[in-house]
Amino acid sequence: MRKKIVAGNWKMNLELEDALNLCKEIAVSTDKSTEVDLMIFPPAIYLYTMSSLPFETLEIGAQNFYPAEKGAYTGEISITQLSSIGVKTVLIGHSERRAYFGEHSDFLKRKVDSAIENGFNIVFCCGEPLNVREENNEMKFVKSQLIDSLFHLDAKQMEQVTIAYEPVWAIGTGLTATIEQAEEMHSSIRNWLTDAYSIDLSNKISILYGGSCNPDNAKELFACPNVDGGLIGGASLERESFLKIANSF
Ligand code: 13P
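On a predicted model such as this, the values are computed, not experimentally measured, just so you know.

Conventions and cut-offs
Per chain, the residues get numbers from 1 upward, laid out in the order the sequence is written. The predicted nature of this model means local features are confined to residues of pLDDT at least 70 and side-chain atom pairs, given and counted, to a pLDDT of 80 or more, with totals for whole chains, interfaces and linings taken over all residues. Heavy atoms throughout the structure, all of them, feed into the side-chain values; hydrogens and water do not. Working definition: rings of Phe, Tyr and Trp (its six-membered ring) pair if their centres are within 6.5 Å, and the pair is stacked with planes under 30 degrees apart, edge-to-face with planes over 60 apart, and tilted otherwise. Numbering of helices and strands runs from the N terminus; a helix is a DSSP stretch of H or I covering at least four residues, while a strand is a stretch of E covering at least two. We call a residue buried when its accessible area falls under 20% of the maximum for its residue type, exposed when it is over 50%, and partly exposed in between, using a 1.4 Å probe and counting protein chains only. Here, over-ring charges are defined by two tests on the NZ atom of lysine or the CZ atom of arginine: distance to the ring centre within 6 Å, and angle to the ring normal within 35 degrees. Defined by distance alone, a disulfide is two cysteine sulfur atoms within 2.5 Å. Throughout this description, the term salt bridge denotes a Lys or Arg side-chain nitrogen within 4 Å of a carboxyl oxygen of Asp or Glu. Residues are said to line a cavity or pocket when one of their atoms sits within 4 Å of a point; the points come from a 1 Å grid over protein atoms alone, cavities being sets where a 1.4 Å probe fits but cannot get out and pockets being open sets with protein on both sides within 12 Å along at least five of seven lines. Grid points are joined across faces, edges and corners, and a volume is the space filled by probe spheres set on the points. Here the term charged refers only to Asp, Glu, Lys and Arg, the term nonpolar to Ala, Val, Leu, Ile, Met, Phe, Trp, Tyr, Cys and Pro, and the term polar to all other amino acids, Gly among them. Here, nonpolar core refers to any group of buried Ala, Val, Leu, Ile, Met, Phe, Trp, Tyr and Cys residues whose side-chain atoms link them within 4.5 Å. The contact criterion used throughout is that any non-hydrogen atoms of two residues lie within 4.5 Å. Here the axes come from fitting lines to C-alpha atoms, over the contacting stretch only for helices, and the angles between their N-to-C directions go from 0 to 180 degrees. Handedness of a helix crossing follows the sense of rotation of the near helix relative to the far helix, less than a right angle counterclockwise being left-handed and clockwise being right-handed. For this analysis, a polar contact is any N or O atom pair within 3.5 Å, provided that within protein one partner can donate a hydrogen and the other can accept it, and provided that sequence-adjacent residues contribute only side-chain to side-chain pairs. A pair of strands is treated as paired once DSSP finds two or more bridges between them.

Asker: Describe the packing of aromatic side chains, listing the residues and the values that go with them.
Answerer: Counted by the stated rule, this structure contains six aromatic pairs. Pairing F151 with Y197 gives two aromatic rings, centres 5.7 Å apart and planes at 85°, and the pair type is edge-to-face. Separated by 46 residues along the polypeptide, F151 in the loop between helix 7 (138-149) and helix 8 (155-158) and Y197 in the loop between helix 9 (179-196) and helix 10 (199-202) bring together distant segments of the chain. A relative accessible area of 15% means that F151 is categorised as buried. Using a relative accessible area of 18% as the deciding quantity, one classes Y197 as buried. Among the aromatic residues, those joined into a cluster by ring pairs are Y66, Y73 and F107. Its end group placed over the ring of F101, R97 keeps NZ or CZ at 4.1 Å from the ring centre. The lysine or arginine in question, K111, covers the ring of F65, its NZ or CZ lying 5.3 Å from the ring centre.

Asker: Now, about the state of the cysteines: what can you tell me, with residues and values included?
Answerer: Here a disulfide denotes one covalent bond, and it connects the sulfur atoms of two cysteines. In total, this model carries zero disulfides according to the counting rule given. Looking at C125, it has no disulfide partner, and the nearest cysteine sulfur is the one in C126, 7.6 Å off. Looking at C213, it has no disulfide partner, and the nearest cysteine sulfur is the one in C224, 11 Å off.

Asker: So, the pattern of salt bridges: which residues are in play, and what are the values?
Answerer: Counted according to the given criterion, the structure contains twelve salt bridges. Salt-bridge contacts for E159 lead to K204; the nearest nitrogen and oxygen are separated by 3.3 Å. Linking E159 in the loop between helix 8 and strand 6 (161-165) with K204 in the loop between helix 10 and strand 7 (207-209), this pair joins segments that are 45 residues apart in sequence. Residue classification places E159 among the partly exposed residues on the basis of a relative accessible area of 39%. Sharing partners across several salt bridges, the network here consists of K156, E159, D200 and K204.

Asker: Describe the layout of surface pockets, naming the residues involved and giving the relevant values.
Answerer: Any empty space left between the atoms is revealed when a probe the size of a water molecule rolls over them. Considered as a void within the structure, the largest pocket measures approximately 520 Å³ in volume. Forming the walls of the largest pocket are 20 residues, and the residues nearest its centre are K11, M12, Q63, R97 and F101. Residue contributions to the lining of the largest pocket peak at three residues, all from helix 4 (residues 95-100). Per-class residue counts for the lining of the largest pocket are eleven nonpolar, five polar and four charged. In this model, the second largest pocket occupies a volume close to 450 Å³.

Asker: Outline the nonpolar core, listing residues and values.
Answerer: V90, L146, L150, M158, I163 and I189 are the most contacted members of the largest nonpolar core, which totals 65 residues. Looking at this core element by element, the count peaks at six residues for helix 1 (residues 16-28). Once residues lying within four places of it in the same chain are set aside, the contact partners of I189 are C126, V142, L146, I163, Y165 and I207.

Asker: Residues and numbers for the packing of helix 1 against helix 12 (residues 239-246), please.
Answerer: It is the contact of helix 1 with helix 12, at a shortest axis distance of 10 Å, that shows an interaxial angle of 35°. Of the two elements, helix 1 crosses helix 12, and the hand of that crossing is right-handed. Two secondary-structure elements touch here, helix 1 through L22, E25 and I26 and helix 12 through R239, F242 and L243. The residue inventory of the contact of helix 1 with helix 12, partitioned by class, reads four nonpolar, no polar and two charged.

Asker: Can you lay out the side chain of S149 for me, pointing to particular residues and giving the numbers?
Answerer: Looking at where S149 falls in the secondary structure, it is placed in helix 7. Polar side-chain contacts of S149 include one of 2.9 Å to the backbone oxygen of S105. If we skip the residues at most four places from it in the chain, S149 touches S105, L108, K109, V112 and F124.

Asker: How would you explain the pairing of strand 8 (residues 229-232) if you had to name every residue and give the values?
Answerer: The two faces of strand 8 match: G229 and L231 on one face and G230 and I232 on the other face are all buried. Here four bridges tie strand 1 (residues 4-9) to strand 8, and the two strands are oriented parallel to one another. Residue pairing for strand 8: I5 is matched across the bridge by G229.

Written out as structure tokens, the structure reads:
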């Protein structure tokens, strides 16, 4: 059975008081018996405080880390440092890190390996920019992203991975993939997992959709057979909209 997951990527938003309040509000509004796993990826500066809060219903993950054990990497955070404060989940491959911070596929592969070696769960992001979709090359593009940075893992390691399909043209733009576009890509990703591993494994991996997902479109997106939840940006910055999305299955 695939896990249903709704994750909030707060990116570089919210100051301390608002961040803690939002985190607490979401956690106390969430029932432990809910069948949806909720995750928040706050700015790194809040990770220690948020991951120390006694909430069982909310997984706190890191938006970023540097794939070296320790050393002279000014401004960076290692995976073992994340581990030492109780964080167990990381986001890797977000299009903003690829585009603004030059994180290319080999570097992302190192991040994947570093996270897996340290027992972390990974939410691995993939997705094509607009020009690639306009040229009808999105399948090839996304498949390469997965092959180049992720599919070297063995089947056991892959069980630590959740995939998030985020078409770059839909992120923060208000343009959402249609349900046909989302399902087409998600079912392709599942088929690639089956080809590279097994049907058994591909049926265990959750594939999330991200890109202008909001309370108005979440229900129809989550109803697609291969969409197992969402990675939410803007709409995760407010309690009501995030919880509405979480209740959209
Ligand atoms: P938006 O929901 O703001 O489009 O952002 C999606 C995203 O990038 C989540 O990682």
